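One letter stands for each residue in the lines below.
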Amino acid sequence: MTGLTEEQTMMRRSCRDFVDDVVIPFIRRNWQREWDMKPEGRLPDDILTAADRIGIRTLGVPEEFGGVELDKASEVRSFAIIAEEIARGDSGLADKLVQNWKVSVLLRNLAPRHLQEKWFARLVADPQFLLAHSLTEPRGASDRWLPYDVPDAAMQTRAVRANGGWVINGRKQFISNGYDAGLYVVYANTDPKVGMTRGTSSFLVPRETAGLTVARCNETLGCRYMNNGELVFEDMFVPGDHLLVEGSALGKAGVYFQPGKIIQAAKNLGVGVRAFEVAADYAQNYVQGGRVLIRHQAVALRLADMATRIEAVRALLERAAGAADEGAANADTLCNMVKLFASEEIMKVAQHAVELHGGNGMMLDFGVEKLFRDAAIFLHMDATTDISRFKIVKSMFPATAGTYAGPE
Ligand SMILES: Cc1cc2nc3c(=O)[nH]c(=O)nc-3n(C[C@H](O)[C@H](O)[C@H](O)COP(=O)(O)OP(=O)(O)OC[C@H]3O[C@@H](n4cnc5c(N)ncnc54)[C@H](O)[C@@H]3O)c2cc1C
């Protein structure tokens, strides 16, 4: 990024050192570990402890609660810089950490003060403590933001008032950190008669809540050091003060979604940067046809294509992150654009990287295919590409885009 503040330059330096000294050597030495089918043991505790030591685990937590508070005027840009650096080392590790930042932003905006005190203290004290944000259900996810603001499209997870609190029944799927989080934000329908923008509420749900079952860990294609999980709620009671927003939770979560899209694109960029680094290194050292690869013009062209795509993503990311920090009117549109653009461009960058490695590009122990797998995840995470495109056009033409399909 251009024009970094002193704080951002320092944070980028310490993240880069952490990735070069700890994360990349760990990943290279332990390439089988991703495939350990016991999710608890996949990422050793000392990696999150080391992340904690450089102060990147509790970003977004207010300083008064012991967190690392970034300058608000450039907070989203700072998130982007750090997320990119960490994902350059490992995208799954970055996923684990960024959920903490994003949910912390939500909590500091929406949770009552005594619950902020309680949960921020737990998060700050325990380097392994993780947060999760649970929206997606078997019958609905990114499409929830389409204009179908009708009861039929509402969440199936239901919360009903009872005994001074709420009883929640339903399930959530594909939740980042869902398998091992200590605290969840859960969205549920609280008014089946209205559309989701008016009938969806959000709740804080501690892991130990009776009626909450962490049903399984999903074995994902990429980003495997983040344990993605499925949750089931059966007559789960949460006290009244655990309600974050009643009715308009989707709209109020805007404080989460703009930085969320930026962080998604930034992690994606980090994967692309790493793919370029390993490809450039290989092309300058591996000999085929009597010369190092880069001397072959077809190889050199691929590197140019990779670098151009990476720079284009970076440029849009800077612009969108700046718009989010400034609260610009087009921030939502730009945030969706960069999340979408990064996922498709970096997929292509990762494809070039594996192709430039030939057979080695397909071998698990060589490690390059991991970048290809990690890049593929971004096409599906935090909205599909089609839904993202639709959100973009809808934000530009709210009255007309996509309305033809309905009755006049
Ligand atoms: C690694 C990973 C981490 C994730 N983390 C989280 C998380 O932390 N929290 C969370 O809540 N969710 C999370 N998700 C879920 C993610 O947001 C959804 O997978 C994504 O939004 C797509 O929803 P879906 O899987 O239900 O696909 P579907 O909505 O079933 O989509 C299937 C296909 O249909 C299309 N489609 C669906 N509805 C429409 C429509 N109305 N109009 C046109 N086309 C449509 C889609 O574009 C897609 O091509 C995660 C997913 C992954 C893969």
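Notes on the structure in this doc start here. Remember, it's a predicted structure, so these values are computed and weren't measured experimentally.

## Quick word on the overall build of the chain
Argument step 1. From N to C terminus, the chain includes twelve helices and ten strands.
Argument step 2. The globule rule puts the C-alpha radius of gyration for 408 residues at 22 Å, and the 21 Å found for the chain is close to it.
Argument step 3. For the chain, the C-alpha atoms occupy an extent of roughly 75 × 55 × 40 Å along the three principal directions.
Argument step 4. Residue burial in the chain is summarised as follows: out of 408 residues, 56% are buried.
Argument step 5. At a minimum sequence separation of 6, the contacts of the chain that also span at least 24 residues come to 75%.
Argument step 6. Accessible area for the chain stands at about 17,100 Å²; split by element, carbon and sulfur atoms hold 54% of it.
Argument step 7. In the chain, 47 side chains carry a positive charge and 52 a negative one; their mean positions are 3 Å apart.

## Structural notes on helix H5 (residues 113-125)
Argument step 1. Taking 1.5 Å per residue, 13 residues should reach 18 Å; H5 reaches 18 Å between its end C-alpha atoms and fits that length.
Argument step 2. Buried within H5 are the following residues: Leu115, Gln116, Trp119, Phe120 and Leu123. For H5, the angular spread of the buried residues around the axis is 115°, confining them to a single face.
Argument step 3. Where the residues of H5 are buried, they touch helix H4 (91-110), strand S1 (131-134), strand S4 (183-189) and strand S5 (200-206).

## Quick notes on the packing of aromatic side chains
Argument step 1. Taken as a whole and assessed by the stated rule, the structure comprises eight aromatic pairs.
Argument step 2. When the ring of Tyr282 is compared with that of Phe366, the centres are 5.9 Å apart and the planes differ by 85°; the resulting orientation is edge-to-face. Here Tyr282, found in helix H8 (residues 254-285), pairs with Phe366, found in the loop between helix H10 (331-356) and helix H11 (369-377); they are 84 residues apart in sequence, far enough to count as distant.
Argument step 3. Aromatic rings pair up to connect Tyr282, Tyr286 and Phe366 into one cluster.

## Considerations on empty space enclosed by the protein
Argument step 1. All chains considered together, the criterion is met by one cavity of 30 Å³ or more.
Argument step 2. In this structure, the largest cavity occupies an estimated 30 Å³ of space.
Argument step 3. Lining the largest cavity are Val23, Phe26, Ile27, Leu43, Ile47, Asp90, Leu93 and Tyr225.
Argument step 4. Examining the composition of the lining of the largest cavity, we find that three residues originate from one element, helix H1 (residues 6-29), more than from any other.

## Some details on the packing of H8 against helix H9 (residues 297-326)
Argument step 1. Where H8 contacts H9, the axes come no closer than 10 Å and their chain directions differ by 160°. Here H8 is positioned roughly antiparallel relative to H9, judged by the angle of their axes. Crossing hand, H8 versus H9: left-handed. Across the interface between the two elements, Gln258, Ile262, Ala265, Ala266, Leu269, Gly272, Val273, Ala275, Phe276, Ala279, Ala280 and Ala283 of H8 pack against Val299, Leu303, Met306, Ala307, Ile310, Val313, Arg314, Leu317, Ala320, Ala321 and Ala324 of H9.
Argument step 2. Residues belonging to the contact of H8 with H9 are distributed by class as follows: 20 nonpolar, two polar and one charged.

## Describing H8
Argument step 1. Relative to the 46 Å expected for 32 residues at 1.5 Å per residue, H8 spans 47 Å between its end C-alpha atoms, a close match to the ideal helical length.
Argument step 2. A large share of H8 lies buried, amounting to 25 of its 32 residues.

## What to know about the layout of surface pockets
Argument step 1. Within this model, the second largest pocket holds a volume of roughly 380 Å³.
Argument step 2. As for the second largest pocket, its lining consists of 29 residues, of which Arg28, Arg274, Val278, Gly367 and Val368 are closest to the centre.
Argument step 3. At the level of secondary structure, the elements contributing two or more residues to the lining of the second largest pocket comprise H1, helix H3 (75-89), H8 and H11.
Argument step 4. Taken together, the residues of the lining of the second largest pocket break down into 13 nonpolar, five polar and eleven charged.

## Notes on the nonpolar core
Argument step 1. Core analysis: the largest hydrophobic core is formed by 73 residues, its most contacted members being Phe18, Ile56, Ile86, Leu93, Trp101 and Ile262.
Argument step 2. Broken down by element, this core gets its largest block of residues, 13 residues, from H8.
Argument step 3. Excluding its chain neighbours within four sequence positions, the residues that come into contact with Ile262 are Val76, Ala80, Leu317, Ala320, Ala321, Cys335 and Val338.
Argument step 4. Of all hydrophobic cores here, the second largest spans 26 residues; its members include Val61, Phe65, Leu107 and Phe120.

## As for the pattern of salt bridges
Argument step 1. Scanning the entire structure with this criterion turns up 29 salt bridges.
Argument step 2. Glu277 serves as the salt-bridge partner of Arg274, at 2.9 Å between the closest nitrogen and oxygen. Of this pair, Arg274 and Glu277 both sit in helix H8, three residues apart, which is roughly one turn of the helix.
Argument step 3. Given the relative accessible area of 18%, Arg274 is considered buried.
Argument step 4. Between Arg389 and Glu344 there is a salt bridge; the shortest N-O distance is 2.8 Å. With Arg389 in helix H12 (residues 385-396) and Glu344 in helix H10, this pair connects stretches of sequence that are 45 residues apart.
Argument step 5. Accessibility expressed as a relative area gives 31% for Glu344, which makes it partly exposed.

## Quick word on unusual backbone geometry
Argument step 1. One non-glycine residue with positive phi stands out, namely Asn177, at about 65°.
Argument step 2. Tracing the chain through its elements places Asn177 in the loop between strand S3 (165-175) and S4.
Argument step 3. According to the relative accessible area criterion, Asn177 is buried, its value standing at 0%.
Argument step 4. Residue Asp235 is not a glycine yet carries a positive backbone phi of 45°.
Argument step 5. Looking at where Asp235 falls in the secondary structure, it is placed in strand S7 (residues 228-239).

## Considering the packing of H3 against H8
Argument step 1. Close contact between H3 and H8 brings their axes to 7 Å; oriented N to C, the two are set at 35°. Two packed elements cross with a definite hand, and for H3 against H8 that hand is right-handed. Seen from H3, the contacting residues are Val76, Phe79, Ala80, Ala83, Glu84, Ala87 and Arg88; seen from H8, they are Pro259, Ile262, Ile263, Ala266, Lys267, Leu269, Gly270, Val271, Val273, Arg274 and Glu277.
Argument step 2. When the residues that make up the contact of H3 with H8 are grouped by side-chain class, the tally is twelve nonpolar, one polar and five charged.

About the cut-offs
Residues numbered from 1 in each chain as written. Predicted model: local features only at pLDDT ≥ 70, side-chain atom pairs only at ≥ 80, totals over all residues. Heavy atoms only, no water. Helix = DSSP H or I, 4+ residues; strand = E, 2+ residues; numbered from the N terminus. Rg over C-alpha atoms; globule rule 2.2 N^0.38 Å. Buried < 20%, exposed > 50% of the residue type's maximum accessible area, 1.4 Å probe, protein only. Contact = heavy atoms within 4.5 Å. Areas by Shrake-Rupley, 256 points an atom, 1.4 Å probe, with all protein chains shown as cover. Lys, Arg positive; Asp, Glu negative; His and termini not counted. Charge placed at Lys NZ, Arg CZ, Asp CG, Glu CD. Expected span 1.5 Å × (residues − 1). Arc of directions from axis to C-beta. Phe/Tyr/Trp six-rings, centres within 6.5 Å; stacked < 30°, edge-to-face > 60°. 1 Å grid on protein atoms, 1.4 Å probe; cavity = no way out; pocket = protein on both sides within 12 Å on 5 of 7 lines; lining within 4 Å. Points joined across faces, edges and corners; volume = space filled by probe spheres on them. Axes fitted to C-alpha atoms, helices over the stretch in contact; angles between N-to-C directions. Parallel < 35°, antiparallel > 145°, perpendicular 65-115°, else oblique. Left-handed = near helix turned anticlockwise from the far one by under 90°. Nonpolar A, V, L, I, M, F, W, Y, C, P; charged D, E, K, R; others polar. Core = buried A, V, L, I, M, F, W, Y, C linked by side-chain atoms within 4.5 Å. Salt bridge = Lys/Arg side-chain N within 4 Å of Asp/Glu carboxyl O.

Take it as geometry only, folks, not as evidence of what the structure does.
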